[in-house]
Amino acid sequence: MNGTVLKAGDHTLPLGGLPRLMGIVNITPDSFADGGRYVDPVAAIDHGLRLVDEGADLLDLGAESTRPGAAPVTAAIELERLLPVLRELRHRVTVPISVDTYKAEVARACLAEGATMVNDISGLTFDPDMAATVAEGGAAVCLMHTPAPPRTMQEHAHYGDVVREVVAALAAAVARAEAAGIARDRLLVDPGIGFGKSAAHNWEILRRLDELHCLGLPVLIGASRKSFIGLALAEGTGVGAPWPVEERREGSLGVAAWCALHGIAVLRVHDVDATARVLKMIAKLTN
Ligand code: HH2
């Protein structure tokens, strides 16, 4: 994938070397890893600025937790949380700002306020207006796989061959995007680690990352601090499983290193500083 770029609004982000880092800003009371820490707009803005200082190439603003079992929030609540943060950050950072939403109304309002990418966990399936909204806004879009909305997705964690089924679903999402007029250089695909998948499914997808490249599009992976990492860390330690979220940093970095060695274009991470340091070492080893 050397020589490829991601276009997001007027931004052009070169891809093809080591992964780009997408720093997570969760403006939520209940996100699984950092719920409540950045629900205050000032704290969220400071966090976004810090992530960019630490090396984030993109920011992903989210205002609705999509952890397993999470209840949806209204578009009005999402916008109430997102807009003050977006309005400030868009003038204070030069990196593209993505909004993590599956609601076209939220995406449209954020694109009008300076966001240039939509991170849609549903791969353009939950809201019939999303594909046109992204196309009209000239935005980039991350097409993620989930078999169902967060509240019920773990009931759908049943696959024959998880990688083949996820690839087929992502190919359908790409077709939806192209039919709506979204150019391929505005697309990312994401297998949706932890979304309607067991820990075994997540490891299977990660072991077989190379197969995701058959779509011919840059791949984003969001594994940071997820519970399958906490479960793996607990194995053989006698400590109750899974390890708590604040103890999953090294595990997340291990997975990030693996992704970097398997052609992943973008890593969606909480710990930008530490991940950037891991990538520096990998750059030395692979150049
Ligand atoms: N994971 C989460 C949210 N959005 N988007 C993409 N494209 N890929 C992911 O793996 C992904 C995502 C869940 O992580 P987080 O935002 O930290 O937690 P929460 O949903 O509880 O806010």
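Residues numbered from 1 in each chain as written. Predicted model: local features only at pLDDT ≥ 70, side-chain atom pairs only at ≥ 80, totals over all residues. Heavy atoms only, no water.

A.B. asks: When you look at the state of the cysteines in this model, what are you seeing that I'm missing?
C.D. replies: This model, assessed by the stated rule, comprises zero disulfides. In this model Cys-142 remains outside any disulfide bridge; the closest cysteine sulfur is found in Cys-259, 13 Å from its own. The exposure class of Cys-142 is buried, given its relative accessible area of 0%. (Disulfide = S-S within 2.5 Å. Buried < 20%, exposed > 50% of the residue type's maximum accessible area, 1.4 Å probe, protein only.)

A.B. asks: Is there a simple way to explain unusual backbone geometry in this structure?
C.D. replies: The phi angle at Leu-124 is positive, at roughly 70 degrees, despite the residue not being glycine. Its location among the elements puts Leu-124 in the loop between β6 (117–120) and α4 (130–137). For Leu-124, a relative accessible area of 6% puts it in the buried group. The phi dihedral of Arg-225 is positive, around 65 degrees, even though this residue is not glycine. With respect to the secondary-structure elements, Arg-225 resides in the loop between β9 (220–221) and α7 (227–234). Among the residues examined, Arg-225 registers a relative accessible area of 14% and is labelled buried. (Helix = DSSP H or I, 4+ residues; strand = E, 2+ residues; numbered from the N terminus.)

A.B. asks: Help me understand the packing of helix α3 (residues 104–112) against α4, please; the structure alone is not making it clear to me.
C.D. replies: Working note: a packed helix pair is described by the angle between its axes plus the distance between those axes. Two elements in contact, α3 and α4, have axes whose closest approach is 9 Å; the angle formed by their N-to-C orientations is 10 degrees. By the angle between their axes, α3 is roughly parallel relative to α4. Between α3, through Ala-104, Ala-107, Arg-108 and Leu-111, and α4, the contact on the second element is made entirely by Met-130, Thr-133 and Gly-137. Of the residues assigned to the contact of α3 with α4, the class counts are four nonpolar, two polar and one charged. (Axes fitted to C-alpha atoms, helices over the stretch in contact; angles between N-to-C directions. Parallel < 35°, antiparallel > 145°, perpendicular 65-115°, else oblique. Contact = heavy atoms within 4.5 Å. Nonpolar A, V, L, I, M, F, W, Y, C, P; charged D, E, K, R; others polar.)

A.B. asks: For this particular structure, what's the right way to read the site of the ligand?
C.D. replies: Surrounding the ligand, one finds 18 residues, the nearest of these being Ser-31, Ser-65, Thr-66, Asp-190 and Lys-226. Between the ligand and the protein, one listed contact pairs a nitrogen atom with a side-chain N or O atom of Asp-100 at 2.9 Å. Within the side chain of Lys-226, an N or O atom sits 2.7 Å from an oxygen atom of the ligand. Here the ligand loses 98% of its free accessible area of 480 Å² to cover by the protein chains. For the shell around the ligand, the class distribution of residues is six nonpolar, seven polar and five charged. (Near = heavy atom within 4 Å. Polar contact = N/O pair within 3.5 Å; in protein donor to acceptor, adjacent residues only side chain to side chain. Areas by Shrake-Rupley, 256 points an atom, 1.4 Å probe, with all protein chains shown as cover.)

A.B. asks: Sorry, what's going on with the sheet that holds strand β8 (residues 187–190) here?
C.D. replies: Picture the strands of a sheet paired through backbone hydrogen bonds; they go either parallel or antiparallel. One open sheet holds the eight strands; their spatial order is β8-β7-β6-β5-β4-β3-β10-β9, and the pairing between them is parallel. A single partner strand is all that each edge strand has here, and the edge strands are β8 and β9. As judged from the three bridges shared by strand β5 (residues 97–100) and β6, these two strands associate in the parallel manner. By the bridge assignment, Val-99 is partnered in β6 with Val-118. Running over the sheet, helix α2 (residues 75–92) touches β4 (58–62) and β5 and is turned about 155 degrees from β4. (Pairing = 2+ DSSP bridges.)

A.B. asks: I tried to follow α2 on my own but got confused; where do I start?
C.D. replies: Given 3.6 residues to a turn, an α-helix orients residues that are three or four positions apart in the same direction. The end-to-end C-alpha distance of α2, which contains 18 residues, comes to 25 Å, matching closely the 26 Å that a straight helix rising 1.5 Å per residue would cover. Buried within α2 are the following residues: Ala-75, Glu-78, Leu-79, Arg-81, Leu-82, Leu-83, Val-85, Leu-86 and Leu-89. The inward-facing, buried residues of α2 abut α1 (41–54), β4, β5 and α3. (Expected span 1.5 Å × (residues − 1).)

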